[in-house]
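# Fold and geometry: a report
One letter stands for each residue in the lines below.
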Amino acid sequence: MRTKTFLCAAALSLLTASFSFGQSTYGSVVGEVKDSSDAVIGGASVTLTNLGTNERHVATSGRDGYFQFGNLAPAEYRLEAEMSGFRRYVREPVVVEVQRTVRIDLTLAVGQASEKIEVVGQTPLLEPESSSMGQVVERRKVEELPLNGRNPLALVALSPGVIPQGGSLANPALPNFYAWGNFQISGALGNQSEAMLDGGTVMGLLMNSVRLVPTEDTVQEFKVQTNSLAAEFGHTSGGIINLTSKSGTNQFHGAAFEFLRNSAFDASTFFNNAKGVKKPALTQNQYGFTLGGPVVKNKLFFFTSYEGYKQRKGQSVLFTVPTAEQRVGDFSRTLDAAGNLVPVFDATTTRLDAATGRNIRDQFPGNIIPRDRLDPAAAKLAPTLMGAPNIPGARFTNINNFAANASQAADSDQFNTRIDYALGSKHKIFGRYSWWDSGTPAVDPYRNGTIYLLYPDFRTTHQVLVEDVYTVSPSLVAVVRYSVMKFDYSRVPPTQGIDLTSLGFAANLQQQIPAGFRHLPNFTIQGMNPQPGGGPIQQSEQTHQISGSGTKITGRHTLKLGTDIRIYRQGYTQSNDPSGTYNFTAPFTARDPFAAGGYGFASFMVGTPASASLNTPAYLNIQRIYRALYVQDDYRVTSKLTLNLGMRWDQDGAISERDDKLSAFLTNAANPLAQQTGLPLQGKLALVNSPDRPTRGWSDSFGRQLAPRAGFAYSLMSKTVVRAGYGIFWLPLSIARRDNLVQATATGSSPFLGSLNGGLTPYRTLSNPFPDGITLPVGRDPNFQSFLAGQIFSTTVPTGEHAYSQQWNFNIQRDLPSNSLIEVAYVGLKGTKLPINSYPLNSLTAATLQQGAALVAQVPNPFFGLINRGVLSTPTVSRGQLLRPFPQYDNVTIRGYFIGNTIYHSMQLKFQKRFRMGAGILVGYTNSKLITDTETQTSWLDATSTAQDPHNLRLERSLSNTDVPQRLVISGNLDLPFGRGKHFLGGASGFSG
């Protein structure tokens, strides 16, 4: 019933829609018509003409002299006004920018209509009609400021309050795609904002991250809205990055370019010179073209762009690898920094020393591991797992004895084309198609086909967007927009399909790991650099969006009504360790297992991992539907005061799966093992679409996502505007990384028993790490409860609560001489019920941890015989296991646990000046304080500030937002006419601390 009601309301809004003035990718022009005595003139004819396409908009000033034009594509316009008894008024150019309202008041002089007054002036920078904060990055900056990799999103940092993180400023062909939109905007955490291109979202379902970064030559301009957005914007906690693509005009324009970098022009590094390593090779080509113009003048236009990127570079590596003797178990010449022998001991000889009361072990004879004690897998892997030493390492220790230049490549191709068609003076449509293919091949530092720094990583994006706009009257315009975006991503280990038995692993491991996930395992060895490369990922994603909006201008009110419906679909599977990740440390070859000593590679050679993990995922086909309705009233109370009032209703639907492979963890439900053991066990997994959980979604529906918005703009004086705003914003559920893609019933996490007595003696070995078998996804098997008992799994807790933020600002804008503006603002944000990405639900309490060593003591296992795999499959179990909140399970991790909070306060200062011919200066400064107990996945953390509270809640402080972060960003460009040409000087710089 709720769905039908919503669809009816959405359909009604689409049928009766008129386009919101200033909505999405458009701008608007407003003003008053007066005579020389400052009296208003009603009934004046006002015309606005696009200088590029000759598109004309006509309006009539009202009784109060007020006129307005909406739905204006960013461009330069000519503004004309006519009235009987007055001279004709002409002003150009009037620069209209994305998502910005320009106010220009006209003064008509008495005279004949055949006479003309031409006004040449800069477009005002004041914003007396809106309380929303933000910054427009116009075409000139996008095209001419220097950009690393020509990534236009790097210019988002020009706006006060924006802090880029991770690889968000780098060439988008290179980093993990989660980094493409990793910005903190006015206190919102990373990946909590929204990016749109031509009004269509370019955000994907997984982690709410960007899927399409348009090329620099495709972008006309964009606006970063940072606080107190209008009700038409949602699905974000922070800001909106609103990009518009270029369109054709009545004149043909084209360009071709190539940028070249080559190591022949570079110097080598100090460390390469010191080690005698050649300078890393680098060849980088970035090339492309643009072409746009008319197909039919004043009616049909096109614009096309292509950009290619090819990079081949050497990545210098300095590693520590085992010597030839160590690879066969001979540690007789393994020395410490003082030149003393590093003794290695046999963990199977662990015993209690009566004299000292400590556990001790016997040293291997001659410090050489006997051949029959070498682990079969380690013996076969050791010769080729890492490269052989090729330079002298440090004296005695041989640290840093391998240096090389690993070959790293990156490729990217992007094609965009846009068609604009004016069917008549009242009806126009446009469509855009974008294709982007990028990727990085494998990086093999040892050049032996085994260990890789990076696995092959390839991404492809397609987006189609169509928009239809119909002008019913000067005050009523209808629009419908539809976009579909398809994103495919794959990461395939080069060793996929390998025969693990040929490497010395047990046959049961080879037989149970699915072929698509079978590859060389990952290894971490203390003191060495095998450098694991991860595991396979397959992702196929579609995002459908349909939106419509409506405006009715009545008197002093501009009423806006709109809807936004999105369908996210995704097929996904990932495991970083489907063949296992095995971690080797020194204690298993130390004399005392709880004291310093031992050698990590010696622990590898005897095959005693300190820990290991192996996860086998299923392929999930998930879907989430997002719905929103909003109404906005921009009420011009007087010529000086405008109120911006709005209400938005969001419904972020729960994730569902095509075959109902999802589950949720019911913390207060009785566990099935309670009756068999007689213990008061709680915590039960529930399959969706089952009697335990009738709904198909992992979370409960929440229909109270109301988001009020309120603000005002008051012209205190002709050159001073005071503005303020407040709003509530609901976060997308997909912000929590893989919040429901890691599922207990759709992922098999195999527990590894490295030791049963806290590290005194090893229990499992590398060659046969899971003799009891690995845990495969149980799906909807009726016995899934017993299969998962004693296991490690990640899950979700069903909740009807959702994360939200509150934004507010108070700012003053002052118009300065020479078309300059200064703005000072206080900006705040409070986040509530934010997602904790990974929360340990089955941890011991602080009071229990005070028992210390008694927690590892072995006691009778009440689950013995009921659980046949994992830590609870043996006759005895550690006392600490039975004291956990859910002792029938090993580790239970909650994904997307909505308990986090954040608070942000800032002072933001902006100075902007425009010169003639498009040049300008922009200076932004931010002084802010952010306090948070959570972070989104791609935010960078200050490791020194990480702490643990008594409830095991991770406390973190963002590195980029220390107690008083300060940012200064300066950008500028200057157009100087010399002789017959134009010479451009431009730059951008900044610091943060």
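In case you missed it, the structure is sitting above this.
First things first, this report covers the structure right here in the doc. Nothing here was measured: the structure is a model prediction, and the numbers come from that model. (Residues numbered from 1 in each chain as written. Predicted model: local features only at pLDDT ≥ 70, side-chain atom pairs only at ≥ 80, totals over all residues. Heavy atoms only, no water.)

## A closer look at helix H4 (residues 376-385)
To keep it simple, the criterion reads: Exposed residues in this analysis have more than 50% of their type's maximum accessible area, buried residues have under 20%, and partly exposed residues fall in between, with area computed by a 1.4 Å probe over protein chains only. Strands are runs of DSSP state E lasting at least 2 residues, helices are runs of H or I lasting at least 4, and numbering of each runs from the N terminus. Note: the arc covers the axis-to-C-beta directions of the helix. Should any heavy atoms of two residues lie within 4.5 Å, those residues are counted as being in contact. Any N or O atom pair separated by 3.5 Å or less is treated as a polar contact, with the protein-specific requirement of one donor-capable and one acceptor-capable atom, and with residues adjacent in sequence counted only for side-chain atom pairs.
Taken residue by residue, H4 has Ala377, Ala378, Leu381, Ala382 and Leu385 as its buried positions. Seen along its axis, H4 keeps its buried residues to an arc of 125 degrees; they face one direction. Residues of H4 that are buried make contact with strand E26 (522-525) and helix H6 (600-605). Backbone nitrogen of Ala377 and a side-chain oxygen of the N-cap are separated by 3.0 Å at the start of H4; the cap is Asp375.

## Concerning the sheet that holds strand E10 (residues 133-137)
The cut-off we apply is this: For two strands to pair, DSSP has to find at least two bridges joining them.
Strand order in this open sheet of five strands is E10-E15-E16-E13-E14, and the pairing throughout is mixed. Looking at which strands have only one partner, the edges of the open sheet turn out to be E10 and strand E14 (200-201).

## Focus: the nonpolar core
The following threshold applies: Among the buried residues, those of types Ala, Val, Leu, Ile, Met, Phe, Trp, Tyr and Cys that are joined through side-chain atoms within 4.5 Å form a nonpolar core.
Of all hydrophobic cores here, the largest spans 46 residues; its most connected members are Phe505, Leu509, Phe523, Tyr582, Phe601, Phe604 and Leu766. Listed by contribution, the elements that provide at least two residues to this core are strand E19 (300-319), H4, strand E22 (402-422), E26, strand E29 (581-584), H6 and strand E30 (611-617). Here this core gets five residues from one element, more than from any other, and that element is H4. Residues within four places of Leu509 in sequence aside, it is in contact with Leu500, Tyr582, Leu614, Pro769, Phe770 and Ile774. Core analysis: the next-biggest nonpolar cluster, separate from the first, contains 36 residues, Val142, Leu153, Val210 and Trp436 among them.

## A word on the sheet that holds strand E6 (residues 88-96)
Worth spelling out the cut-off: Axis lines are fitted through C-alpha atoms, for helices just across the contact stretch, and the angle between N-to-C directions can take any value from 0 to 180 degrees.
On the basis of which strands lie adjacent, the open sheet formed by five strands has the order E3-E2-E5-E6-E9 and mixed pairing. Lying at the two open borders of the sheet, with one neighbouring strand each, are strand E3 (56-60) and strand E9 (116-119). Averaged over neighbouring strand pairs, the angle between their axes works out to 20 degrees when direction is ignored.

## Considerations on the environment of Asp660
Looking at where Asp660 falls in the secondary structure, it is placed in the loop between strand E33 (656-657) and strand E34 (663-670). We classify Asp660 as buried; its relative accessible area is 10%. On a C-alpha basis, the gap between Asp660 and Thr290 in space is 47 Å, while along the polypeptide they are 370 residues apart. Leave out the neighbours within four places in its chain, and Asp660 touches Val688, Asn689, Arg696 and Arg780. Of note is the side chain of Asp660, whose polar atom sits 2.9 Å from the side chain of Asn689.

## Overview of the environment of Ile921
Among the structural elements, Ile921 can be located in strand E45 (residues 920-932). Sequence separation of Ile921 and Asn842 is 79 residues, and the distance between their C-alpha atoms is 55 Å.

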